[in-house]
Amino acid sequence: MHALNRWLLLLCFLVGLSVVAVAQSTTIDFVEYELDNGLKVILHQDNTTPIVAVSIMYEVGGKDSFEDRTGFAHFFEHLLFEGSENLERGAIDDYVEGAGGALNANTSLDRTYYYEILPSNQLALGLWIESERLLHAKVQNVGVETQRDVVKEERRQRYDNQPYGTLTMELYKRAFKEHPYKDPNIGYMEDLTSAEEADFKRFYETYYVPNNAILSIAGDINVEETKELVAKYFADIPRGPEPPRVDVVEPPLGGEIRDTVYDQVPLPALVMGYRTVARSNPDYYAISMLNQVLSQGQSSRLNKALVDEKELAVQVGSFPSSSQDPGLAIAYALTPPGTEDLRPVEEAFQAEIERLQNDLITDREFQKLRNQIEVSAISGYGSVAGIAESLANNEMFLGDANLINTETDRYLAVTKEDIRRVAREYYTDDNRVLLYWLPQPSSR
Amino acid sequence: MQRLYFPLAILLLLLGFSCGTPKPATTGTEPAPPPPTQTAAPVANEDFRATAPEPGPAPEIQLGDFEEFELDNGLTVVLVENHKLPRVSYQLFVDVPPHLEGAYAGAQQLLGSMLRRATTDMTKEEIDEAVDFIGANLSTSGAGAYASTISKYKEEVIDLMSKVILNAEFPESEFAKVKEDARAALAQQVTSPDAIAGRVSQAITYGTNHPYGEQMTQETLDSIDLEVVKSVYDTYFVPNRSYLVMVGDLRPEEARRLATEHFSDWEERDVAVPEFPTPQRPDGVTVNFVSRPGSVQSNIIVSHPVELEPGTKASIRAGLVDQALGSGFNSRLLSNLREDKAYTYGAYSSISDDPRVGSFRAYASVRNEVTDSAVAEFLYELERLTDEPVDSAELAVAKARTMGSFGRALESPQRIASYALNTVHYDLDRDFYPEYLQVVQNSSLNDVAEVANDIVTAGNTNIIVVGDPSVADKLARFATSGTVNYYDVNGQPVDRTETAAPTDLTAEQVLNGYFDAIGGKEQALALENVSMMLEGSVQGQTLSQSMTTTSDGRMSSQTSMSGMVVADQRYAAGKAQVKQMGQAVELPEAAVQALAEQAVIFPEANYLENLSDVTLEGTEMVDGKQAVVLVVNGAGGPVREYYDAETMLKVQTIRSQGPQTLTQRYSDYQPVRGILFPHQMTLTGMAPFPIELSATSVEVNTELDPEIFTID
């Protein structure tokens, strides 16, 4: 697997170079190498601002939880701020903030990402902390018990107590029956309650190994000096066994799933999730552009038809799935308060889908998409932290960090026919979960 | 009167038309195999790992400068050059002086939404297309506009931006849409606990008679018409109180040309600036509660107004106090409420400066059970700031964080632009931001303690909590007055007596009142049987139901879709039977109980016999009219019955069935043999859309076919 990736990487580099030579947009230069223990390292030097982003991305996420331990990867992310052999509980925050840095982490269904943004003279501090985290993190019982409750509060605050907060959970639990994407990334409350110390040890030893991580550094650095520091802190961390991967292939949905969800919301909503492709699938680009046609900007089709012309909705949105395994492309329409019947909005949405399936988009729309893609490529270069994360993401999930420079070409290769084809292939009734999201009738 | 009851069978059936009911998900995750035991490989050269590495020499933080010039009409233009990326942004900030909008609260906000919807020569559709086609962004607000683009369209975008501001048109058709959107957005806001907490804390901190405390409500929104919106535009949108901030890939001469070409025609006009008394802190501690039934967390905000001028040393030091109290992971609030007590995902503070009046806030969302404990910890931490002032270690971290944040800001031209705008808008010393870090560095423990004592006053503050009503009573002990004040989502005081149970009514009186209203208890209870035929339409098909109930506890109901019987339910002599499409359905005990409860003509008769199961809960609005609510705890779970407070006719029943809440509304009461029966019913919660049913016939005391009660 690794060998194949490397080979692909080379090929893309060549392609990338030739394109970059003619494109006028900014290029992100970087060096990439691998330590003997399997840790991949990506360095991007930009000395404009005296700051540096030190980040490490582990290929473990919500989908890699053990049975009956949903939400484990995220829970674990919280615990990895507790300390290590050489860092007391709370010391990570103290060191980074005391150095004038910012730090945080986040966990998706596919990966866990830790970062520090530091004044550039503190580069070594970031490397020290991340090496401690990888080499010998220490999780004490007091930390487990505290973070267990903190994560439960996070769940309440971000999902349970928010209008529409459980939208993706409700879609994914219906759309997937086999694949772990069926479970919420934050975890079920009962699983958060029952997670125990042995789980943490097992999880740490399985996934927190250098050969499962990418160290991505961007900012005011000197590449050679940074290489030396990286070697000092990371080279002697032992390689671990290859982590297991989720290889569950979710069978086709096999027919539309319709349901109703009641929530403390004032605006009834139509919510849909279409089973689509993995981020690495070539169809991703056409699906992404199809979603642009539907909902990017106020002149997009759903905005124009559902909001401005028919006034059936007050807000619409749609986006592709960009997960490692095939996920759900989501579309939604929030209707005006007091809307009692969602069928007209569903019909209007369906009409827009059918229009994409039957007719090619216009030349002007096509040009608009391409213009928008050009803009978003440039805006992706805004911050060193964003660049560090993009480089790591591209390497981890697409096998090519350089896509930060070249992925635009993949979008620009999409044809109008491709967009119509993916509309026909993926946006079918049989392939979707459709929810009517209704206000809970007042029961005091 | 008869309750119509669609059993669960129908519900499943209706949903079943268009979908397979989702099966419960099965766990199919491959459990990760246990990893092979890993020998702790000896790691050489451990020593360097034991301590933090020494930092290199600190880099110099050099804040970029900006250009500033003024057009003849008084428009101030600020340019922050940055050529790193080929992109440009424009912000037009119209400094509308804070003023009371009164009955039209929200008018300025509506103006913001109207601005992008027509110019003298473009429709909204044309504006949208022009912006989207080049991948640009253009948004408007009650305080101006913001646009961004890649460099090659910088001319087009400033042209569009100036047109939506200078050549604004206000068509009625667009205004109707804007109002509809605002109505939806407001409805949305007042269900979000965060948004409610924000609204109410503003109202309480500044008072609703101050512009900062005023809130748009559905009522003020209704009263705003297009003329009101236009007058906001005519009165306040003037160049001589506005700032055009240009950021990015632009040269000074080019910026000057663009600003002059596109904004010189804007006509200067005087604007009156009203004065308001400065909002004051409360005499003691007030506790203010907004009820949000069903909340699983309480949103707590501790807040009071502060006098803190932007551009002063005090405002810089207030930033240090805020860092130490509630900004970093190891700040006092986070350490206590999150890392020690685990009450919350995050507890923070914020201190805002403002030339008129600023504010202090501390806030967190906590689980219901610890609401009062969390408030106690907040007050403890605010008091502690006086008793145990920020110490030197805390101050060092606060300073480092402030300087670090400045360093990171250098990367963002927008942050630099906001510093530039503050400098010209608040008329600060041009060196204020460049010398900011020096002031930070030179701030002593004493300086910081002084500011903290001035700003953070635990004994004079407002506690605002949005949450489930069950958590409110425990908060009274924090109030100087010993009582909790209740507010609605608009920050208006709520008189709790209004929703409390009417003191002059009992459940028995309500039930008797109901019988009187439908034609007399004696007459009603004399009926032997009632047969109703109902008709409605579901997804284009005709739905009809016949429903018979008797005074001796039997019922029979047949539901047909397009002439075919899809459900048949019966209850007689203690037995129940439900068939779907001719197939018998196995019934759990609860369903049998529920059917038994339906086998009665007027359930109120049973309620009267079991008054201990009936509570008068209070009053509530149903369809704009006040209704008295009875809660009946029957074998099938609690049922809420609503009776019109004036007529005493039953208007609504709400019952829970598993995860579903079913609501039945009754209207169009018509007499049948002297007794009033509703002839119009609406069922919600049963299908994804309301089902409306009309009675085509209601007959009483007819000769019944005994077959309809036969149970196999």
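Reading the values: rules and limits
- Residues numbered from 1 in each chain as written.
- Chains lettered and ligands numbered in written order.
- Predicted model: local features only at pLDDT ≥ 70, side-chain atom pairs only at ≥ 80, totals over all residues.
- Helix = DSSP H or I, 4+ residues; strand = E, 2+ residues; numbered from the N terminus.
- Rg over C-alpha atoms; globule rule 2.2 N^0.38 Å.
- Buried ≥ 20, exposed ≤ 12 C-beta atoms within 10 Å, placed from the backbone.
- Contact = placed C-beta atoms within 7 Å.
- UniProt positions renumbered as here; feature names shortened; annotations may be inferred.
- pLDDT = per-residue confidence, 0-100.
- Axes fitted to C-alpha atoms, helices over the stretch in contact; angles between N-to-C directions.
- Parallel < 35°, antiparallel > 145°, perpendicular 65-115°, else oblique.
- Left-handed = near helix turned anticlockwise from the far one by under 90°.
- Nonpolar A, V, L, I, M, F, W, Y, C, P; charged D, E, K, R; others polar.
- Pairing = 2+ DSSP bridges.
- Core = buried A, V, L, I, M, F, W, Y, C linked by C-beta atoms within 7 Å.
- Domains from an automatic or database assignment.

## Some details on the overall build of chain B
- Scanning chain B for helices and strands turns up 21 helices and 27 strands.
- The C-alpha atoms of chain B give a radius of gyration of 33 Å, which is well past the 27 Å a tight globule of 712 residues would have.
- With the principal axes as the frame, chain B shows a C-alpha extent of 95 × 70 × 65 Å.
- Across the 712 residues that make up chain B, the buried fraction comes to 41%.
- Summarising the internal contacts of chain B: among those between residues at least 6 apart in sequence, 70% fall at separations of at least 24.

## Quick word on the environment of methionine 532 of chain B
- Structurally, methionine 532 of chain B is set in strand E15 (residues 529-538).
- Counting along the chain gives 73 residues from methionine 532 of chain B to alanine 605 of chain B, while the straight-line C-alpha distance between them is 19 Å.

## Quick word on unusual backbone geometry
All names here are of chain B.
- Unlike most non-glycine residues, alanine 573 shows phi in positive territory, near 45°.
- Along the chain, alanine 573 falls in the loop between strand E18 (564-572) and strand E19 (575-580).
- Exposure remark for alanine 573: the 10 C-beta atoms within 10 Å place this residue in the exposed category.
- Phi angles above zero are rare outside glycine, and methionine 581 is one such case at about 50°.

## Some points on the UniProt feature "domain: Peptidase M16 C-terminal" (unreviewed entry) in chain A
- The UniProt feature table records "domain: Peptidase M16 C-terminal" (unreviewed entry) at residues 198-372 of chain A.
- As annotated, residues 198-372 of chain A comprises 40% helix and 19% strand, and the C-alpha atoms at either end are separated by 49 Å.

## Points about the confidence of the model for chain B
Residue and element names in this part refer to chain B.
- Confidence in the prediction of chain B, expressed as mean pLDDT, is 88, and 90% of residues score 70 or more.
- Within the model, pLDDT remains below 50 along residues 1-42, and this stretch shows 83 contacts once partners closer than five positions in the same chain are excluded.
- Quick note on the complex model: pTM equals 0.75, ipTM equals 0.85.

## A few points about the packing of helix H4 (residues 123-136) of chain A against helix H9 (residues 223-234) of chain A
Residues and elements named next belong to chain A.
- The N-to-C vectors of H4 and H9 enclose an angle of 25°; their axes lie 9 Å apart at closest approach. If you check the angle between H4 and H9, you find them roughly parallel. Pair H4 / H9 crosses with right-handed handedness. Only Thr226, Leu229, Val230, Tyr233 and Phe234 of H9 make contact with H4, whose side of the interface consists of Leu123, Ala124, Leu127, Trp128 and Ser131.
- Split by residue class, the contact of H4 with H9 holds 8 nonpolar, 2 polar and no charged.

## Observations regarding the environment of aspartate 568 of chain B
- With respect to the secondary-structure elements, aspartate 568 of chain B resides in strand E18.
- Aside from chain neighbours lying at most four places away, what touches aspartate 568 of chain B is Gln558 and Lys579 of chain B.

## Overview of the UniProt feature "domain: Peptidase M16 C-terminal" (unreviewed entry) in chain B
- Summarizing the sequence annotation, UniProt attributes the feature "domain: Peptidase M16 C-terminal" (unreviewed entry) to residues 223-400 of chain B in the numbering used throughout.
- When the span residues 223-400 of chain B is considered, its composition is 41% helix and 24% strand, and the gap between its end C-alpha atoms is 51 Å.

## Brief notes about the pairing of strand E7 (residues 144-150) of chain B
All names here are of chain B.
- Across the 7 residues of E7, 6 count as buried, placing the element largely inside the fold.
- Relative to E7, strand E3 (residues 87-94) runs antiparallel, the two being bridged by 7 bridges. From the neighbouring strand, phenylalanine 93 faces E7, where its bridge partner is glycine 144.
- As paired elements, strand E6 (residues 137-141) and E7 share 5 bridges and run antiparallel to each other. The residue of E7 that forms the bridge with asparagine 137 is serine 148.
- A loop of 2 residues connects E6 with E7, the two strands running antiparallel in sequence.

## Section: the nonpolar core
- Grouped together as the largest cluster of nonpolar side chains are 127 residues, with contacts concentrated most on Ala53 of chain A together with Ile300 and Val321 of chain B.
- Among the elements that take part in this core, helix H14 (residues 384-398) of chain A stands out by supplying 8 residues, more than any other.
- Contacts of alanine 53 of chain A, omitting those with residues within four sequence positions, involve Tyr115, Ile117, Ile217, Ala218, Gly219, Val384, Ala385 and Ala388 of chain A.
- Core analysis: the second largest hydrophobic core is formed by 65 residues, Ala269, Leu306, Val314 and Leu342 of chain A among them.

## So, the sheet that holds E7 of chain B
All names here are of chain B.
- The strand order across the open sheet built from 6 strands is E1-E2-E8-E3-E7-E6, with neighbouring strands paired in mixed fashion. The open sheet has two free edges, formed respectively by strand E1 (67-70) and E6, since each of these has just one partner strand. Across the sheet, the mean angle separating the axes of adjacent strands is 10° when strand polarity is ignored.

## Structural notes on the interface of chain B and chain A
- Counting residues at the interface gives 90 residues for chain B, matched by 93 residues for chain A.
- Among the elements of the structure, helix H2 (47-50), helix H4 (124-133), helix H6 (172-189), helix H12 (332-340), strand E11 (344-352), strand E12 (358-367), helix H14 (392-409) and strand E25 (660-672) of chain B are those that each provide at least two residues to the side of chain B that touches chain A.
- It is H14 of chain B that provides the largest number of residues to the side of chain B that touches chain A, a total of 8 residues.
- Counted by class, the side of chain B that touches chain A contains 45 nonpolar, 25 polar and 20 charged residues.

## Let's talk about the domain arrangement of chain A
Residues and elements named next belong to chain A.
- Partitioning chain A into domains gives domain 1 (30-235) and domain 2 (257-439).
- Look at where the C-alpha atoms of domain 1 and domain 2 centre, and you get two points 29 Å apart.
- Tallying the contact residues gives 33 residues for domain 1 and 29 residues for domain 2.
- For the side of domain 1 that touches domain 2, the leading source of residues is helix H6 (residues 167-175), giving 6 residues.
- Residues that form the side of domain 1 that touches domain 2 fall into these classes: 20 nonpolar, 5 polar and 8 charged.

## Considering the sheet that holds strand E6 (residues 213-219) of chain A
Residue and element names in this part refer to chain A.
- Pairing is mixed in the open sheet, where 6 strands are placed in the order E1-E2-E6-E3-E5-E4. Each end of this open sheet is capped by a strand with a single partner; those strands are strand E1 (31-34) and strand E4 (102-107). With strand direction ignored, the average angle separating the axes of adjacent strands in the sheet is 15°.
- Bridge count for strand E3 (residues 51-58) against E6 is 7 bridges, and the pairing is antiparallel. Note that in E6 the partner of isoleucine 56 across the bridge is leucine 215.
- Contacting strand E2 (40-45), E3, strand E5 (112-119) and E6, H14 runs over the sheet at an angle of about 150° to E6.

## Points about the UniProt feature "domain: Peptidase M16 N-terminal" (unreviewed entry) in chain A
- Annotation from UniProt places "domain: Peptidase M16 N-terminal" (unreviewed entry) at residues 40-184 of chain A.
- Overall, residues 40-184 of chain A shows 41% helix and 19% strand. The separation of its end C-alpha atoms is 29 Å.

## Focus on helix H3 (residues 107-114) of chain B
Residue and element names in this part refer to chain B.
- Here H3 lies mainly inside the structure; 7 of its 8 residues are buried.
- Those residues of H3 that fall on the buried side of the exposure criterion are Ala107, Gln108, Gln109, Leu110, Leu111, Ser113 and Met114.
- The elements touched by buried residues of H3 are H6 and helix H9 (226-236).

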